[in-house]
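Fold and contact review
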Amino acid sequence: MNEGLILLDPVTHILTGACLGRAGLNRRTGLATLTLALAAEAPDIDSLTYFGGSVFGLQHHRGITHSLLGAPFVAASVVGIVYGVYRWRKRSGKEPKLPPHWTTLYLYALMGALIHLFQDFTNNYGVRPFAPFNPKWYSWDIVFIVDPIMLVAMILGLVLPGLFALITEEIGTRKPQFRGRGGAIFALICVAAVILVRDFEHRRAVNALNARTYRNETPLRASAFPQPINPFSWNGVVETKDAFHLLPVDSSAGEVDPENLQVVLFKPEETPVTLAAKRSYLGRVYLDWAEYPLVTPEPLEGGRHQVQFEDLRFENVVNAAQRRRPPLGAFVVLDPQLRVEEMYVGRPPRGTQTK
């Protein structure tokens, strides 16, 4: 997965909250759009955990703030921030068009936080909605982490009404108190349509993967992961007894073309090196999160070892034959006595040249 796209993910959440506000909820109370936009992004405050290190960040990102237990507290924090903004603007003599109704705003903030959880659930990174009591990850695997169709629909739904309002002001038409409702509703309908279509095509893709054998082995499990833009194009990952099979899936065809098989990755033999890496802090965190983990050891100079962790659900199977640094991969470096020297998520540690 491209790290640049991950940085765009907050934009999707904020735009969703803004569309919800403009779709009509801003007619019930002042500061509704601001509250919804902030609440729809607020659970990602846990991204600050990456300041504690990449492994600590992986362990705690999409944790308690992305849970059903944490959502009410996230909502309360958002309303507290909005109240502070309201008091500051009031001292400056600036009042919202409608007076704020704080109970309603709290309910809006709670809705925004829960919608954030739902949106994260639709992509293949996943969420832990029942943390901390149940730390299991759940993912729907139907939407790319940043869906361009959703993004464009929401941007147009929010921007075009403003441009239209400028034009009507120029020709002397009376400016409405609330504008942009139609565009926001249209954008939200587009978002819902993308989810429904992708869910249908995802099930077709998974069924197609399960309907055949791979090197005369039946699948133990099979998954299809989304690609951007095209709702019929999926990254297929199939696990058999001895290997992982990576291949593209065209869900519109309803079947898998055996000629499209891109890569067969045989499962590495378990060794003391891989076992030591899996027992490390990084190993435990990564394997708890990964859906299709592949753990590969490589020898380093001086009897040291580098162990690479990767999750095949993020592999782009179209370019899988030229596999390089794995997306969202992780690395553990062990000394000759198999003690952890270094560990990192996202890129190899420095000075780890393989033989």
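For the structure, see preceding data.
Residues numbered from 1 in each chain as written. Predicted model: local features only at pLDDT ≥ 70, side-chain atom pairs only at ≥ 80, totals over all residues. Heavy atoms only, no water.

1. Observations regarding the packing of helix α8 (residues 272–279) against helix α9 (residues 281–289)
So the rule is basically this: An axis is simply a line fitted to the C-alpha atoms; with a helix, the fit covers only the stretch in contact. Between two such axes, the angle follows the N-to-C directions and lies from 0 to 180 degrees. Numbering of helices and strands runs from the N terminus; a helix is a DSSP stretch of H or I covering at least four residues, while a strand is a stretch of E covering at least two. Our angle categories are set so that under 35 degrees counts as roughly parallel, over 145 as roughly antiparallel, 65 to 115 as roughly perpendicular, and the remainder as oblique. Throughout, a contact is declared for two residues whenever any of their heavy atoms are within 4.5 Å. The classification used treats Ala, Val, Leu, Ile, Met, Phe, Trp, Tyr, Cys and Pro as nonpolar, Asp, Glu, Lys and Arg as charged, and all other residues, Gly among them, as polar.
It is at 4 Å that the axes of α8 and α9 come closest, and there the two elements cross at 80°. Taken together, α8 and α9 sit at an angle that is classed as roughly perpendicular. The segment α8 lies against α9, with Ala-277, Lys-278 and Arg-279 engaging Tyr-281, Gly-283, Arg-284 and Leu-287. Class assignment for the residues of the contact of α8 with α9 results in three nonpolar, one polar and three charged.

2. Details of the packing of aromatic side chains
Spelled out, the test is: The rule is short: rings of Phe, Tyr and Trp, with Trp giving its six-membered ring, pair when the centres are within 6.5 Å, and they are stacked under 30 degrees, edge-to-face over 60, tilted in between. Using a 1.4 Å probe on the protein chains alone, a residue whose accessible area is under 20% of its type maximum counts as buried, one over 50% counts as exposed, and one in between counts as partly exposed.
Inspection of every chain in the model, using the stated rule, returns 14 aromatic pairs. Ring plane angle 75° and centroid distance 5.2 Å describe the contact between Tyr-83 and Trp-102, whose orientation is recorded as edge-to-face. With Tyr-83 in helix α4 (residues 71–91) and Trp-102 in helix α5 (residues 102–122), the pair connects residues that are 19 residues apart, well separated along the chain. Both rings, one in Tyr-86 and one in Trp-102, keep their centres 5.6 Å apart while their planes meet at 70°; by these two values the pair is edge-to-face. Note that Tyr-86 is positioned in helix α4 and Trp-102 in helix α5, a separation of 16 residues in sequence. Residue class for Tyr-86 comes out buried when judged on its relative accessible area of 12%.

3. Structural notes on the environment of Tyr-292
Note that Tyr-292 resides in the loop between α9 and β5 (293–299). Sequence spacing of Tyr-292 and Phe-244 is 48 residues, and the spatial spacing of their C-alpha atoms is 8.6 Å. The contacts of Tyr-292, once residues within four sequence positions are left out, are Arg-221, Ala-222, Ser-223, Phe-225, Val-237, Glu-239, Phe-244, Glu-310, Asp-311, Leu-312 and Arg-313.

4. A few points about the nonpolar core
Heads up, the rule is: Here the nonpolar core consists of buried residues drawn from Ala, Val, Leu, Ile, Met, Phe, Trp, Tyr and Cys, with membership extended through side-chain atoms lying within 4.5 Å.
Counting 21 residues, the largest nonpolar core has Leu-282, Tyr-286, Trp-289 and Phe-309 as its most contacted members. Within the residue set of this core, elements represented by two or more residues are α3 (54–60), α8, α9, β6 (305–311) and β7 (330–334). Among the elements that line this core, the one with the most residues is α9, at four residues. Residues Ala-18, Val-143, Met-154 and Ala-187 belong to the second largest nonpolar core, which totals 18 residues.

5. A look at the sheet that holds strand β2 (residues 233–239)
How we decide: Think of it this way: DSSP has to see at least two bridges between two strands before they count as a pair.
The four strands are arranged β1-β2-β3-β4 in an open sheet whose pairing can be described as antiparallel. Each having just a single partner strand, β1 (221–226) and β4 (263–266) make up the two edges of the open sheet. Adjacent strand axes in the sheet meet at a mean angle of 25°, parallel and antiparallel pairs treated alike. Note that β1 and β2 share six bridges and pair antiparallel. If you follow Arg-221 over to β2, its bridge partner there is Glu-239. Along the sheet, helix α7 (residues 181–210) makes contact with β1, β2 and β3 (243–250), crossing β1 at roughly 145°.

6. As for the pairing of β3
Among the eight residues in β3, six count as buried, and that is most of the element. One ladder, built from seven bridges, connects β2 with β3; its direction is antiparallel. Within the sheet, the bridge partner assigned to Asn-235 lies in β3 and is Pro-248. Here β2 folds back onto β3 in antiparallel fashion, the turn holding three residues. Note: β3 against β4, four bridges, orientation antiparallel. Residue His-245 lies in a different strand from β4, and its bridge partner there is Val-264.

7. Re the environment of Asp-288
Tracing the backbone shows Asp-288 in helix α9. Classification of Asp-288 as partly exposed rests on a relative accessible area of 42%. Counting along the chain gives 229 residues from Asp-288 to Gln-59, while the straight-line C-alpha distance between them is 8.9 Å. Not counting chain neighbours up to four residues away, the residues in contact with Asp-288 comprise Arg-128, Pro-135 and Trp-137.

8. Here we look at the sheet that holds β6
Strand order in the open sheet made by the four strands is β5-β6-β7-β8, with antiparallel pairing throughout. Two strands bound the open sheet, and with one partner strand each, they are β5 and β8 (340–345). Taking the axes of each pair of neighbouring strands and ignoring which way they run, one obtains an average angle of 15° across the sheet. In this sheet, β6 lies alongside β5 in antiparallel orientation, the contact comprising seven bridges. Among the inter-strand pairings, Pro-297 is bridged to a residue of β6, identified as Val-307. Here α8 sits on the sheet and contacts β5, β6 and β7; the angle it forms with β6, its principal contact strand, is near 65°. Sitting on the sheet, α9 is in contact with β5, β6, β7 and β8, with an inclination near 20° to β6.

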